[in-house]
Amino acid sequence: DEECADDEYCNGAEICDPSHPEADGFGCLPPSEPRCPAGATCLEDAQDCMTDCDMGDADEDGEVAVECGGQDCDDLEPNITLPGNDWAHCQACGVGCDPLQACLGGACLEARRVFVTSSRQSGDMGGIEAADDICQDLADVEGLGGSFRAYIRNSDVTLEERLEHAAVPYVRLDGVIIANDWTDLTDGNLQAPLARDEHRTPHVDLTDRAWTGLQTSKVQFEGYCGGWMDGLAIGAVGEVPAMGPLWEANNIQNPCTFELRLYCIEQDGG
């Protein structure tokens, strides 16, 4: 066997068997299977097999995967760790809540889930309904279920007319309450930034903004990107990491060619 070896570890072991019909002219058979089992990583230089559990904490969030004896519900996503707050892993890993619920202290309670989009889009996004579609599509891909609309207005419809006025907490997917109810959500101040996307990833860059169409009464400019269909117009935005009034209206005129995020708010679609 040693004489048949090709000095490569990971491709498997070569065998000396001159009687085998597939042996080459020197009586050697090529490897029948890779050196390492499925799911393991082969290290050629170290001539060793490393499993995911050997890595301990694959997403480097300080918690070891459940499959490896730890408590991390998703060891590929650093923003999803122990059960108890995450919407999809509330009472235990893989035991999530229903739509129109949030995970608060390990219990599924009535709430409205919120997130900022991981994607960015120009102000010329195809209309206000297209903004709603973007929120819904991202929620569907993430498996959230439920009904989502964008926290955005134009000249024809206000936020109050577009969105449900829920009397329950508005909660990020990581279990953080940003407002106690609709009145609290729209009073100009949040309890925590609406700065986590549908993957629970935080967005804390101070330049990160979201289209809203909102501005204070002291500012007068057409901030709706022509009904969110005109890339040559200007749009009003909020600052994603903010907790004060700037979160929904920073009163700066932004060219609608800019690619910014959207705030998404769950609705009672019943």
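Residues numbered from 1 in each chain as written. Predicted model: local features only at pLDDT ≥ 70, side-chain atom pairs only at ≥ 80, totals over all residues. Heavy atoms only, no water.

S.K.: Even after reading the chapter, I still don't get the overall build of the chain, so can you show me in this structure?
M.R.: Check the secondary structure of the chain and you find 5 helices and 16 strands. Whereas a compact globule of 270 residues would reach a radius of gyration of roughly 18 Å, the chain reaches 26 Å, over 25% beyond that. For the chain, the spread of C-alpha atoms along the three principal axes comes to 90 × 45 × 35 Å. For the chain, with 270 residues in total, the buried portion stands at 44%. Long-range contacts, defined as pairs at least 24 residues apart, comprise 52% of the intrachain contacts of the chain with a sequence gap of at least 6. Positive and negative charge centroids in the chain, built from 13 and 55 side chains respectively, lie 16 Å apart. (Helix = DSSP H or I, 4+ residues; strand = E, 2+ residues; numbered from the N terminus. Rg over C-alpha atoms; globule rule 2.2 N^0.38 Å. Buried < 20%, exposed > 50% of the residue type's maximum accessible area, 1.4 Å probe, protein only. Contact = heavy atoms within 4.5 Å. Lys, Arg positive; Asp, Glu negative; His and termini not counted. Charge placed at Lys NZ, Arg CZ, Asp CG, Glu CD.)

S.K.: Please explain the nonpolar core as it appears in this structure.
M.R.: One recurring pattern in soluble globular proteins is that nonpolar side chains are buried together. Counting residues in hydrophobic clusters, the biggest one holds 27 residues, and the most contacted among them are I152, W211 and W228. Counting residues per element, the ones that place at least two in this core are α2 (128-141), β9 (147-150), α5 (225-228) and β16 (259-267). Element by element, the count of residues in this core is highest for α2, at 6 residues. V114, L190, L194 and V240 belong to the second largest nonpolar core, which has 24 residues in total. (Core = buried A, V, L, I, M, F, W, Y, C linked by side-chain atoms within 4.5 Å.)

S.K.: Looking at this model, I keep getting lost on the side chain of R196. Mind explaining?
M.R.: Secondary-structure assignment places R196 in the loop between α4 (182-185) and β12 (209-211). At 3.3 Å, the side chain of R196 forms a polar contact with the side chain of D174. A polar contact is formed between the side chain of R196 and the backbone oxygen of R200, at a distance of 2.8 Å. In this structure R196 touches N79, F115, V116, R172, D174, T201 and P202, once residues within four positions along its chain are discounted. (Polar contact = N/O pair within 3.5 Å; in protein donor to acceptor, adjacent residues only side chain to side chain.)

S.K.: Is there a simple way to explain the pattern of salt bridges in this structure?
M.R.: Any two side chains of opposite charge can pair if their charged atoms end up close together. What the rule picks out here adds up to 10 salt bridges. As a salt-bridge pair, R112 and E164 come within 3.0 Å of each other at their nearest N and O atoms. With R112 in strand β7 (residues 112-116) and E164 in the loop between α3 (159-162) and β10 (170-172), the pair connects residues that are 52 residues apart, well separated along the chain. What makes E164 partly exposed here is its relative accessible area of 23%. The partner of R200 in a salt bridge is E142, and the shortest N-O contact between them spans 3.2 Å. Within this pair, whereas R200 is found in the loop between α4 and β12, its partner E142 is found in the loop between α2 and β9, the two being separated by 58 residues in sequence. One salt-bridge network, held together by shared partners, links D86, E142 and R200. (Salt bridge = Lys/Arg side-chain N within 4 Å of Asp/Glu carboxyl O.)

S.K.: Can you walk me through the state of the cysteines in this structure?
M.R.: Here, disulfide denotes a covalent bond that connects the sulfur atoms of two cysteines. Applying the stated criterion across every chain, the model contains 7 disulfides. Across a sulfur-sulfur distance of 1.9 Å, C4 and C28 are joined as a disulfide pair. Torsion about the S-S bond of the C4 and C28 cystine: about -80 degrees, corresponding to left-handed handedness. With C4 in the segment before β1 (15-16) and C28 in strand β2 (residues 28-29), this pair connects stretches of sequence that are 24 residues apart. Across the disulfide, C225 is cross-linked to C256 (sulfur-sulfur distance 1.9 Å). Every disulfide takes its handedness from the sign of the S-S torsion; for C225 and C256 that torsion is -95 degrees, giving left-handed. Note that C225 is positioned in helix α5 and C256 in the loop between β15 (254-255) and β16, a separation of 31 residues in sequence. By the burial criterion, C225 is buried, and C256 matches it. (Disulfide = S-S within 2.5 Å.)

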